[in-house]
Amino acid sequence: MDADVLRSADRAAVAEVSYSDPAGVPRAVALVPLRLDNHICFALPYSQAGLAQEIGRSSQTLVSFTDSRLAYKGWRALFSGGKTQVTADPEGGLFVEKLLEQELRKHPPSRRLIDTFVMRRDYWWYVPRLIVRFYPDGPARPLARRQTLDSALLVWTTDRGLDLDLVQVDDWDAGEIGVQSMSGGDVEAKSGDAVLFFHNFEVPERDRVAQFSAWGRLDRGRLTITSRQGTRDLGRPATLRERLRSLRELERLCRAGLRSAGSH
């Protein structure tokens, strides 16, 4: 494992994971990077079982670090490509022993569910995890750091797989979005199916999060949009009733994921 990648994973609060879905469409998602021995991993609750399996089936995965918010000193913006392997941890033993402390440090919402033994007993359904290990197959490459909300990750297909860059976006709502590399790359010379991925979160609580994807065809620095999903708006703080409703929905999804996997 590249030492620079491990260092950024250790110090980052969030990473972008880019992959191809079963139809070959590029996708990206923001996840909490953790370290398991000398490998980067992501510990997804069973509410995200489908996402874990989709990442695991992708022939190539890119892990990038562009968002320095809540990161520790020594963090660097970069990315690496490689393979992933998904391991089921239906009792949460590996997660609690090796990864829990890191998740509690990096992800404040988890502290309200599994910070203590009593809480882990009460919210037992949030402890089981699917561990997605990342195995890079080459050296890390530098990226620009996100500095404004008009920047986003651009992921596109090539003859050799996926590639990405951090780009400046000219008009989020346009049918044809202009993008310009913030890392000194030559996005203007690239073409292929692509996704423009944006994520945001409330600092420091991370209670409110936003993820947005726009898919289309990249050609000479223009992305012709075919579909959009998600929102770039964090919205207002949730009411107590909305928080309880979200907690019940999270429990329902985790239990459903565990039942589908044949556990509990």
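Each remark here, short or long, concerns the structure printed above.
Because the structure is predicted, anything quoted here is derived from the model rather than measured.

Conventions we followed
- Throughout this document, residue positions are counted from 1 along each chain, in the order its sequence is written.
- Residue-level local features of this predicted model are given only where pLDDT is at least 70; pairs of side-chain atoms are given and counted only at 80 or more, and the full residue set underlies all totals for whole chains, interfaces and linings.
- Computation of side-chain values covers all heavy atoms of the structure but excludes hydrogens and water.
- Salt bridge, as used here: a side-chain nitrogen of Lys or Arg that lies within 4 Å of a carboxyl oxygen of Asp or Glu.
- Helix and strand definitions here come from DSSP, where helices need a minimum of 4 consecutive H or I residues and strands a minimum of 2 consecutive E residues; each element is numbered from the N-terminal end.
- Burial status follows relative accessibility: with a 1.4 Å probe on protein chains alone, a residue under 20% of its type maximum counts as buried, one over 50% as exposed, and anything between as partly exposed.
- Two rings from Phe, Tyr or Trp (for Trp, the six-membered ring) form a pair when their centres sit within 6.5 Å of each other. Planes less than 30 degrees apart are called stacked, planes more than 60 degrees apart edge-to-face, and all others tilted.
- Counted as over-ring charges are cases with an Arg CZ or a Lys NZ within 6 Å of the ring centre that also lie within 35 degrees of the ring normal.

## Concerning the pattern of salt bridges
Counted under the stated rule, the structure contains 20 salt bridges. Put simply, aspartate 4 and arginine 7 hold a salt bridge, and the shortest N to O gap is 2.7 Å. Remark: arginine 7 and aspartate 4 occur in helix 1 (residues 3-11); sequence separation between them is three residues, near one turn of the helix. Residue class for aspartate 4 comes out partly exposed when judged on its relative accessible area of 25%. Take arginine 7: its relative accessible area is 33%, and that puts it in the partly exposed class. For arginine 243, the salt bridge goes to aspartate 207, with nearest N and O atoms at 3.4 Å. Taken together, the residues arginine 243 in helix 6 (residues 240-260) and aspartate 207 in the loop between strand 12 (191-201) and strand 13 (209-219) connect sequence positions 36 residues apart. Shared partners join several salt bridges into a network, and the residues in it are Asp4, Arg7 and Arg76.

## Here's the deal with the packing of aromatic side chains
Taken as a whole and assessed by the stated rule, the structure comprises four aromatic pairs. Both rings, one in tryptophan 172 and one in phenylalanine 198, keep their centres 5.6 Å apart while their planes meet at 75°; by these two values the pair is edge-to-face. Taken together, the residues tryptophan 172 in the loop between strand 10 (161-169) and strand 11 (176-181) and phenylalanine 198 in strand 12 connect sequence positions 26 residues apart. Neither tryptophan 172 nor phenylalanine 198 differs from the other in exposure class; each is buried. Summarising the aromatic geometry, the rings of tryptophan 172 and phenylalanine 212 are spaced 5.8 Å apart at their centres and angled 80° between planes, so their arrangement reads as edge-to-face. Here tryptophan 172 is found in the loop between strand 10 and strand 11, whereas its partner phenylalanine 212 is found in strand 13, with 40 residues between them in sequence. The pair tryptophan 172 / phenylalanine 212 is uniform in exposure class, with both members buried. Among the aromatic residues, those joined into a cluster by ring pairs are Tyr123, Trp125 and Tyr126. For arginine 129, the ring lying beneath its charged end belongs to phenylalanine 95, and the centroid distance is 4.1 Å. Above the face of the tyrosine 126 ring, arginine 129 is positioned so that its terminal group lies 4.5 Å from the ring centre.

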